[in-house]
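Here's the letter readout for the chains.
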Amino acid sequence: MTTGSVPKRFSIPIGPQHPALKEPGHFDFSVDGEVVTGATVRLGYAHRGIEKAAENQNWVQNLYLLERICGICSHIHATAYCLGVEKLADVEAPPRAQAIRVLIAELERVHSHLLWLGVTAHEAGFDTLFMYSWRDRETVMDILESLTGNRVNYSANMLGGVKFDVTDDNRKAIERGVNFLETRTRHYLNVVTTDQVFVQRTRGVGVITREQAEQLGVIGPTARASGVLRDVRVEAPYAAYRDIPVQPVIETAGDLEARFVVRLKELFESYRLIRVILEQMPPGDLNVRMPRRPKAGEAISRVEAPRGELFYFIKSNGADNPERVKVRTPTLCNMASVLVTAVGQQLADVPMILAGIDPCFSCNDRAVTISKAGDATSAVWSWQQLRQYSQAYYRRRL
Amino acid sequence: MNAPTGLGALVSLLIFPGGLFVLANGLVFEWIDRKLIARLQNRIGPRWYQPLADIIKLLAKEEVVPERADPRLFFALPIVALAGVLTAALYLPIAGRFVFSFPGDLIVTVYMLSLLTLCTGLAGANTRNRFALVGATRTLTQLFSYEVPFFLAMLGPAAVAGSWQIADIMAHNSQQWLLFIQPIGFVVALIGLMGKLEMRPFDAPEAETEIVAGALTEYSGRGLALFYLGRNVELIGGLTLVATFYLGGIHNVLDYFLKTGALLIVLASLQTLMTRLRIDQTVGLWWRVGALLALAQWLVLIVIGEVAL
Amino acid sequence: MTTEDRLRQAQEALSPWAQEADAPEPVRLDIVLDRSHLPSAVAALMNIRWGYLVAITGLDLGAEAKQYEVLYHFGSGAALLTLRVRIAHADSVVPSITGIIPAASVAERELSEMFGIRVIGLLDQSRLFLPDDWPDGVYPLRKDAVLEK
């Protein structure tokens, strides 16, 4: 080996394309043998310019745009936006709509947590758990599909209410599915806390202490696994959570095992909430009339996404389009904790630590309306041009 | 057992029981392994010809030599690896027939079976890819951890038979199954085989969520196909060795398929139950538990030997 | 501690620097600060362990006002405190709060690359979201950003 070309720091790149990541992100871990000594992150590979694009769409169009920020927690983005805009317009969605919003949000949480369970088990090399948890996740995907017609991007929200009602048939299907999932979740909780080999990979690994969690501003299940209660549903209830209190799930160990336990125990809470909502579904309308333009002003809307607190800042100047929509997703807050906790850990644990916060890069990366299209001149295309191109493209294919 | 000569030798070497038969058998066993794991994981799994299709596809593909790798070593290593394990198979009662046998062939066989791991490690170091380098380090680290307990577990039956020749040991054991007499040795041998084959939970050297494909990250085309074939032959060789020593020996083709097949099913089931161990955990497990267990088995053998005398 | 208590506590802690205070919603408190006071105000909040940094929002107030506004949102339970700092387009500089809250680094990097607001004292100024070949001097979330060719 020539001396000149040997880097002093041996670094392992993870991403942008890497088997450990289901979405693009770039992490650079410098290692000494098998021990990580430093970490840096570069995001933005899934940057689609949504914050900027939101300024150029009208209020209703934005609902569809923002729902597409994330494929996993799509409903919660739309809910946050709707709650914010409704606040601006001084309109409140009817109780039944609020209940349905929460119902779908909890079903989404179930699907997201089961997905996370599988992905993180896969990072640890426990593919059996991965396969089984994803099989069971199909139950909740089917429920969501039967409710809304879609497996992802349910498009259940509209400004001023929801689009879909929950029928008796739906109710029965949900109850059946939830009962099945509850027994399965109990089994998984048993597996992740008692399987000796698996526990070796999770117990005491990637510990975020309570002090660190507070200092790093960690949120969501990651914070709750470190003994910090940060759950918007509990602290600042919104929609139907105001009538149906949520029991927070807290663990204190702060390691990977605690993150597994917190998320799995939250599933039980979600099942309970789903049952309570179905039982106490208020009668009435599904939506109310919204003004086309909300009044000028600012609204902040915070909701609890499966990954933690989702924050929307919406500013209106009374026009057709919003003046500014700021989205702060939970992953951004938790990302710093990965970089801090990875140092000093074994390289083999890094994918699990990374997955432990349930990162969502699509959520994380948003703004900028330009995309570089892959044409020969590599010119920067405008939104309009892109739209025209895509329409022409599909017309050609038809 | 006399070594075959002339045309018989050529057939034994190239077609049955060495050469083609071992390769084909390896592909079938790979399929059984993959299919079983898939079914146990609630997946559909590959079709029966998938391993063969993989090999054909790889053989047809371009082999890309990485820039700073030594091309001679790059091409030679997979060939040496496959040749090593194929040679080892000749000294084993594959399908109930020894091709060659001489006093001391146990040592040669066990080391020939390790050649693949060694070549994998060297191949990783040669390609100078970061993932391959970490993978190579892990492969070789793991080699040094499971090899001693595995060897000790192989020596147990040899000590009872008082011979270093596989055929002698088998003849000595064919009356009783050593599985029941030396259970600890059997467990260590079987788990050691999983380590040798880099099966879960010992697949840290090729942990795809950290280091992509480990030492073989830069390999494509023919080289990769040869390494895959080598691994399959090693699977056959390892299973045969364990069955020969602990399951009362292999006496005919049916016996062969029944015993190695049963062991394969055990291995596949174990793999689905396990989480990947970190490399430090693997090393710790082998030296703290594996080696001690194998030594304990030895102690038992020595004590029994003294008492019996 | 009730939400009102929390907000009162925050208001008291920030009173030396607050230029204006406003409560747009019962659970919210907006406090306008001069940018030079920002680090001391944030440090005061952290000293009394008041909540955590939720987000940093940049706003372009447009061609007439010729101002940016940077909003530092802090949350504690249901209480939501916003520190508002106004800076002129011509002098778009804010001090970094990473000395007090290290985790603010990502949010400040986002702010500086999206608005071209210089964050003094931010150690890592490299790009976080925008592509490597993004043209220098183009800040997409500015209202006057020319993004179309």
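Note that this is a predicted model, so its numbers are computed, not measured.

Conventions and cut-offs
Residues numbered from 1 in each chain as written. Chains lettered and ligands numbered in written order. Predicted model: local features only at pLDDT ≥ 70, side-chain atom pairs only at ≥ 80, totals over all residues. Buried ≥ 20, exposed ≤ 12 C-beta atoms within 10 Å, placed from the backbone. Helix = DSSP H or I, 4+ residues; strand = E, 2+ residues; numbered from the N terminus. Pairing = 2+ DSSP bridges. Contact = placed C-beta atoms within 7 Å. Nonpolar A, V, L, I, M, F, W, Y, C, P; charged D, E, K, R; others polar. Axes fitted to C-alpha atoms, helices over the stretch in contact; angles between N-to-C directions. Arc of directions from axis to C-beta. Parallel < 35°, antiparallel > 145°, perpendicular 65-115°, else oblique. Left-handed = near helix turned anticlockwise from the far one by under 90°. Core = buried A, V, L, I, M, F, W, Y, C linked by C-beta atoms within 7 Å. pLDDT = per-residue confidence, 0-100. Domains from an automatic or database assignment.

**Section: the pairing of strand β2 (residues 28-33) of chain C**
All names here are of chain C.
Step number 1: Burial along β2 is one-sided: the face carrying Leu29, Ile31 and Leu33 is buried and the face carrying Arg28, Asp30 and Val32 is not.
Step number 2: Here 6 bridges tie β2 to strand β5 (residues 79-88), and the two strands are oriented parallel to one another. Opposite Asp30, over in β5, you have Thr82 as the bridge partner.

**Observations concerning the interface of chain A and chain B**
Step number 1: With 24 residues of chain A in contact, the opposing surface of chain B contributes 23 residues.
Step number 2: When residues of the side of chain A that touches chain B are traced back to their parent elements, those giving at least two are α4 (95-123), α5 (127-148), α7 (196-202) and α13 (350-356) of chain A.
Step number 3: Partitioning the side of chain A that touches chain B into residue classes produces 13 nonpolar, 5 polar and 6 charged.

**Some thoughts on the sheet that holds strand β6 (residues 297-305) of chain A**
Residue and element names in this part refer to chain A.
Step number 1: The sheet built from 3 strands is open, its strands ordered β6-β7-β8 with antiparallel pairing. The open sheet has two edge strands, β6 and β8 (324-328), and neither has a second partner. Put simply, the sheet's adjacent strands are angled 15 degrees from each other on average, direction ignored.
Step number 2: Judged from the 5 bridges that link them, strand β7 (residues 308-316) and β8 form a sheet pairing that is antiparallel. Across the sheet, Ile314 pairs through a bridge with Val325, a residue of β8.
Step number 3: Across the sheet, helix α3 (residues 74-89) is in contact with β6 and β7; its angle to β6 comes to roughly 150 degrees.

**Points about unusual backbone geometry**
Step number 1: Of the consecutive residues B:Arg200 and B:Pro201, the connecting peptide bond is found in the cis state with omega at 5 degrees.
Step number 2: Locating B:Pro201 in the fold gives a position in the loop between α9 (183-196) and α10 (208-211).
Step number 3: Look at A:Ala239: it is not a glycine, yet its phi comes out positive at around 45 degrees.
Step number 4: By secondary structure assignment, the location of A:Ala239 is in the loop between α10 (232-235) and α11 (256-279).
Step number 5: Judged by C-beta crowding, with 22 C-beta atoms within 10 Å, A:Ala239 ranks as buried.
Step number 6: One non-glycine residue, C:Arg49, lies in the positive phi region at around 50 degrees.
Step number 7: By the element assignment, C:Arg49 lies in the loop between α2 (38-47) and β3 (52-60).

**Description of α2(C)**
Residue and element names in this part refer to chain C.
Step number 1: Looking at α2, one finds that the buried residues are Leu38, Ala41, Val42 and Leu45. The buried residues of α2 occupy one face: seen down the axis, they fall within an arc of 95 degrees.
Step number 2: Of the surrounding elements, those touching the buried residues of α2 are α1 (3-14), β2, β4 (67-76), β5 and β6 (93-95).
Step number 3: Directly beyond the C-terminal end of α2, a positive phi value near 50 degrees is found at Arg49.

**Brief notes about the packing of helix α11 (residues 221-246) of chain B against helix α12 (residues 253-273) of chain B**
Residue and element names in this part refer to chain B.
Step number 1: Between α11 and α12, whose axes approach to 9 Å, the crossing angle comes to 110 degrees. By the angle between their directions, the pair α11 and α12 is classed as roughly perpendicular. With respect to the hand of their crossing, α11 and α12 are arranged in right-handed fashion. Together, Leu239, Thr240, Val242 and Ala243 of α11 and Lys259, Thr260, Leu263 and Leu264 of α12 make up the contact between the two elements.
Step number 2: In terms of residue class, the contact of α11 with α12 is built from 5 nonpolar, 2 polar and 1 charged.

**Quick look at the nonpolar core**
Step number 1: Among the nonpolar cores identified, the biggest contains 237 residues, and A:Tyr312, B:Val85, B:Ala89, B:Ala189 and B:Val242 are the most heavily contacted of them.
Step number 2: A per-element tally of this core places α11(B) first, with 15 residues.
Step number 3: Setting aside residues no more than four positions away along its own chain, B:Ala89 makes contact with B:Gly18, B:Val22, B:Ile94, B:Val233, B:Ile236 and B:Gly237.

**Some points on the confidence of the model for chain A**
Residues and elements named next belong to chain A.
Step number 1: Averaged over all residues, the pLDDT of chain A equals 82, while 89% of them reach at least 70.
Step number 2: A low-confidence stretch, residues 1-7 stays under pLDDT 50, and its non-local contacts, those more than four residues away or across chains, total 1 contact.
Step number 3: Long-range and interchain partners of residues 367-379, a stretch whose pLDDT sits below 50, account for 30 contacts in this model, where long-range means more than four residues apart.

**Topic: the domain arrangement of chain A**
Step number 1: In terms of domain boundaries, chain A breaks down into domain 1 (50-332) and domain 2 (373-398).
Step number 2: Taking only C-alpha atoms into account, the centre of domain 1 of chain A sits 34 Å from that of domain 2 of chain A.

**Topic: the packing of helix α2 (residues 19-40) of chain B against helix α3 (residues 50-60) of chain B**
Residues and elements named next belong to chain B.
Step number 1: Interaxial distance between α2 and α3 falls to 8 Å at its minimum, and their mutual angle equals 120 degrees. As judged from the angle between their axes, α2 and α3 are oblique. Residues Leu27, Glu30 and Trp31 of α2 pack against Gln50, Pro51 and Leu52 of α3.
Step number 2: By residue class, the composition of the contact of α2 with α3 is 4 nonpolar, 1 polar and 1 charged.

**With respect to the sheet that holds β2(C)**
Residue and element names in this part refer to chain C.
Step number 1: As summarised here, the arrangement of the 5 strands in space is β1-β2-β5-β4-β3, forming an open sheet in which the pairing is mixed. The open sheet terminates on both sides in strands that have one partner only, identified here as β1 (20-22) and β3. Direction aside, the axes of adjacent strands within the sheet are offset by 20 degrees on average.
Step number 2: Bridge analysis of β1 against β2 gives 3 bridges, and the strand direction is antiparallel. Its bridge partner being in β2, Ala21 is matched across the sheet by Ile31.
Step number 3: With respect to the sheet, α2 is in contact with β2, β4 and β5, its orientation differing from that of β5 by roughly 170 degrees.

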